[in-house]
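Observations on the model geometry
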Amino acid sequence: MNRIINITANEYTKSQNTAKLLKTRLESLGFKVPDEFSYDAELIICIGGDGSFLRTVHEYNFPKIPIIGINTGHLGFFQELHPFEINNFIDSYLSNDYYIQEINPIETSICTRNTCIESLAINEIVIKGDVSRTIHLNISVNNNFIERFSGDGIIVSTPMGSTAYNYSAGGSIVDPHLKLIQITPLAPINTNAYRSFTSSIILSHDSVVNVSPEYRFENSILIVNDGIEHKYNEITKISVKSSKFKVKLLRLKNYEFWSKVSEKFL
């Protein structure tokens with residue numbers, strides 16, 4: 001048997017100890033666990049919290065290999081397993097007692113006066129000013145003007161990301177089986193001077209969201225991609241849409257999204 005499984009883990013002691021135990025168990029069953037990430041692997045097991053999960057996906061360029069997480073962090077919404085469930089998981093994996101859930105990231109094109117940068121996000125893209133000032137954003141959907149937003153910024157999220165920053169900002173929790181994009185305002189201003197939507201907007205998955213910043217006091221916009229900040233100067237347009245690319249999550253047969261929501265948030 002030449003079956004390869006990647007293990008990634010953050011630097012915390014609990015995660016490192018869990019990784020060592022898991023590697024020993026897998027190798028005793030004949031699996032190969034390489035020291036360096038292998039794109040020939042059949043599975044990625046990510047040990048840590050949600051941040052570790054997102055970093056793994058980004059660091060290895062959204063690999064086509066199925067991924068499952070073991071939670072040694074706090075919330076652990078992406079992480080399906082706990083360390084004490086490792087043996088049961090391996091038994092289920094060997095018995096093919098699982099399924100693959102495919103999710104679509106969002107794809108963002110950030111165009112400045114000189115170039116365009118492409119990126120993917122599992123949870124969300126956040127567009128806001130890099131200092132604590134009101135920013136003004138012209139927002140269009142499918143080339144139809146929607147609003148001139150004024151406030152701290154906006155979040156454009158996937159269904160999977162609906163339980164992350166989007167939820168904290170007052171956006172809706174969305175069943176990940178639905179295909180859509182959600183725009184949620186951050187501290188919108190709604191006065192006689194400025195008019196902005198104060199609730200999230202739900203769009204079909206084939207919508208294209210275009211955002212053009214209006215520069216008044218500064219000439220820089222902060223783009224936060226799954227929690228990773230990028231500062232850009234002289235942005236002319238930001239386009240966001242659901243990607244055709246798919247990320248594969250390995251789920252055990254007893255996984256159920258709304259039970260997970262209830263467990264983590266209520």
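Structure shown above.
Definitions and cut-offs
- Residues numbered from 1 in each chain as written.
- Predicted model: local features only at pLDDT ≥ 70, side-chain atom pairs only at ≥ 80, totals over all residues.
- Heavy atoms only, no water.
- Buried < 20%, exposed > 50% of the residue type's maximum accessible area, 1.4 Å probe, protein only.
- Helix = DSSP H or I, 4+ residues; strand = E, 2+ residues; numbered from the N terminus.
- Contact = heavy atoms within 4.5 Å.
- Core = buried A, V, L, I, M, F, W, Y, C linked by side-chain atoms within 4.5 Å.
- Axes fitted to C-alpha atoms, helices over the stretch in contact; angles between N-to-C directions.
- Left-handed = near helix turned anticlockwise from the far one by under 90°.

Another aspect to go through is helix α2 (residues 50-59). If you check which residues of α2 are buried, you get Asp-50, Ser-52, Phe-53, Leu-54, Thr-56 and Val-57. Those residues of α2 hidden inside the fold are in contact with β1 (5-9), β2 (43-48), β3 (67-71) and β17 (247-252). After α2 finishes, the residue Asn-61 shows a positive phi value of roughly 60 degrees.

Counting residues in hydrophobic clusters, the biggest one holds 23 residues, and the most contacted among them are Ile-127, Leu-137, Ile-154, Val-211, Ile-223 and Ile-238. Looking at this core, the elements that each hand over two or more residues are β5 (106-112), β7 (124-129), β8 (135-141), β10 (153-157), β11 (180-186), β13 (208-214), β14 (220-225) and β16 (235-242). When residues in this core are grouped by element, the largest group, four residues, is from β8. Sequence-distant contacts of Leu-137, defined by excluding residues within four places in its chain, comprise Ile-127, Glu-147, Arg-148, Phe-149, Ile-154, Val-211, Ser-212 and Pro-213. Counting 19 residues, the second-largest nonpolar core is a separate cluster that includes Phe-31, Val-33, Leu-81 and Ile-86.

The next subject is the packing of helix α1 (residues 13-28) against helix α3 (residues 86-94). At a minimum axis separation of 11 Å, α1 and α3 run at an interaxial angle of 40 degrees. Where α1 crosses over α3, the two elements pack in a sense that is right-handed. Counting all contacts with α1, which are made through Thr-18, Leu-22, Arg-25 and Leu-26, the residues of α3 involved are Ile-86, Asn-87, Ile-90 and Asp-91.

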